[in-house]
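# A look at the structure
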Amino acid sequence: MRKKILVGNWKLQGSLAINQLILNRFKAELAHLFDVDVVVCVPYIYLFQVQELLKDSNIAWGAQNISQYQEGPHTSCISANMVAESGASYTIIGHSERRALKLENSRVALKRVLNALNAGLTPIFCVGETLDDRENGLAELVVKNQLLNLIQGLDDANFNLAKKLNIVIAYEPVWAIGAKQSASANIVQAMHQLIRFILAERDQQFAEQTRIIYGGSVSLSNSNKLLNLADVDGGLLGRSSFVADDLISICSDMQKYIDKGNLQSYLCAS
Ligand code: PGA
């Protein structure tokens, strides 16, 4: 049974004062969440503030990226080890807003995954097609290639590390990010199923344990529909994760859905 996970990607948002307000609400109002892991990925400069505010909570934190380098003459880069020192447990890698800058091709994304794993961070590895890809019938092929680049790039030792740290895969169709509408439930379920199938070709147990989450315009109005699909283990949220009321309600809805399922299986068994 995979535990659900909700990851907030704050992107280029935040200030010391606003973060404090939002994080204190998360801490107080999500304390009862037992069946959903919540992670906030903040701009690097706020990682130590988050550590201070969330250290005694059930909420984890992470970075939005890490460098492909470990140390040396690389001005403005932040390494995986530095991020880990803030008590972070996660880092997003391969987000399309990074890939779009041409600074993060598949080779670089793979290096970042390796650095994350070796620093003890769980990568949240993003894959997803552009609108052009989808309109040309290439969505599945593009996602498959992005995923194979990751899976085939992990030798046995790193693959075992990825399993141990429970790497997360985020399906984020580029055309649904920051948009008015998310992808449809049919598209999401079909792509998640394909991703799990590709993971299983390397290792069945890996495919069963890996959480595959959806990102792209998830909001309070569509989260119930999208995040409870069979192969969807949670969400990667941009805009909704920086609005305390929205994130708290989305998490609580997920918990309620799980509670309902648990009650039903209990009643059937008794
Ligand atoms: P959005 O962003 O929820 O604002 O569409 C999602 C993402 O970029 O991960």
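That block above? That's the structure.
Conventions adopted
Residues numbered from 1 in each chain as written. Predicted model: local features only at pLDDT ≥ 70, side-chain atom pairs only at ≥ 80, totals over all residues. Heavy atoms only, no water. Helix = DSSP H or I, 4+ residues; strand = E, 2+ residues; numbered from the N terminus. Rg over C-alpha atoms; globule rule 2.2 N^0.38 Å. Buried < 20%, exposed > 50% of the residue type's maximum accessible area, 1.4 Å probe, protein only. Contact = heavy atoms within 4.5 Å. Areas by Shrake-Rupley, 256 points an atom, 1.4 Å probe, with all protein chains shown as cover. Near = heavy atom within 4 Å. Polar contact = N/O pair within 3.5 Å; in protein donor to acceptor, adjacent residues only side chain to side chain. Nonpolar A, V, L, I, M, F, W, Y, C, P; charged D, E, K, R; others polar. Expected span 1.5 Å × (residues − 1). Arc of directions from axis to C-beta. Pairing = 2+ DSSP bridges. Axes fitted to C-alpha atoms, helices over the stretch in contact; angles between N-to-C directions. 1 Å grid on protein atoms, 1.4 Å probe; cavity = no way out; pocket = protein on both sides within 12 Å on 5 of 7 lines; lining within 4 Å. Points joined across faces, edges and corners; volume = space filled by probe spheres on them.

A separate point is the overall build of the chain. Looking only at helices and strands, one finds 12 helices and 8 strands in the chain. For 270 residues, the compact-globule formula gives about 18 Å, and the C-alpha radius of gyration of the chain, at 18 Å, lands near that figure. Projecting the C-alpha coordinates of the chain onto the three principal axes gives extents of approximately 60 × 45 × 35 Å. Classification of the 270 residues of the chain by burial places 51% in the buried group. Put simply, 73% of the contacts in the chain that link residues at least 6 apart link residues at least 24 apart. Accessible surface computed for the chain: about 12,700 Å², of which carbon and sulfur atoms make up 54%.

Structurally, the position occupied by Asn 115 is in helix α5 (residues 106-118). Aside from chain neighbours lying at most four places away, what touches Asn 115 is Ile 66, Ser 67, Gln 68, Tyr 69, Gln 70 and Ala 80.

What follows deals with the site of the ligand. Close to the ligand lie Lys 11, His 95, Glu 172, Ala 176, Ile 177, Gly 178, Gly 216, Ser 217, Leu 236, Leu 237, Gly 238 and Arg 239, which account for all nearby residues. Side-chain polar atom of Lys 11 to an oxygen atom of the ligand: 2.6 Å apart, as the coordinates give it. Within the side chain of His 95, one N or O atom sits 2.7 Å away from an oxygen atom of the ligand. Burial of the ligand by the protein chains amounts to 99% of its free accessible area of 280 Å². Here the shell around the ligand is built from residues that sort into 4 nonpolar, 5 polar and 3 charged.

Turning our attention to unusual backbone geometry. The backbone of Lys 11 sits at a positive phi, close to 50°, despite the residue not being glycine. As for its position among the elements, Lys 11 is in the loop between β1 (4-9) and α1 (16-29). The backbone of Ser 217 shows a phi angle near 60°, a positive value even though the residue is not glycine. The exposure class of Ser 217 is buried, given its relative accessible area of 13%.

Turning next to helix α7 (residues 139-151). The end-to-end C-alpha distance of α7 is 18 Å, a good match for the 18 Å that 13 residues give at a rise of 1.5 Å each. Ala 139, Val 143, Gln 146, Leu 147, Leu 150 and Ile 151 are the residues of α7 that are buried. Buried residues of α7, viewed axially, fall in a sector of 135°; they line one side. Next to the buried residues of α7 lie α4 (96-99), α5, β5 (122-127), α6 (131-135), β6 (168-171) and α9 (185-202).

One closed barrel accounts for 8 strands, arranged β1-β2-β3-β4-β5-β6-β7-β8; its pairing is parallel. Across this sheet, the average inter-strand angle for adjacent strands is 25°, counted without regard to direction. Relative to strand β4 (residues 90-93), strand β3 (residues 59-63) runs parallel, the two sharing 2 bridges. Along β4, the bridge assignment pairs Gly 62 with Tyr 90. Sheet contacts for α7: β5 and β6; angle to β5, the most-contacted strand, approximately 155°.

Our focus in this paragraph is the layout of surface pockets. Of the volumes computed, that of the largest pocket is approximately 520 Å³. Among the residues forming the lining of the largest pocket, the class breakdown is 8 nonpolar, 7 polar and 4 charged. In this structure, the second largest pocket occupies an estimated 350 Å³ of space. Lining the second largest pocket are 14 residues, with Met 1, Arg 2, Lys 4, Tyr 257 and Ile 258 sitting closest to its centre. Broken down by element, the lining of the second largest pocket gets its largest block of residues, 4 residues, from helix α12 (residues 244-269).

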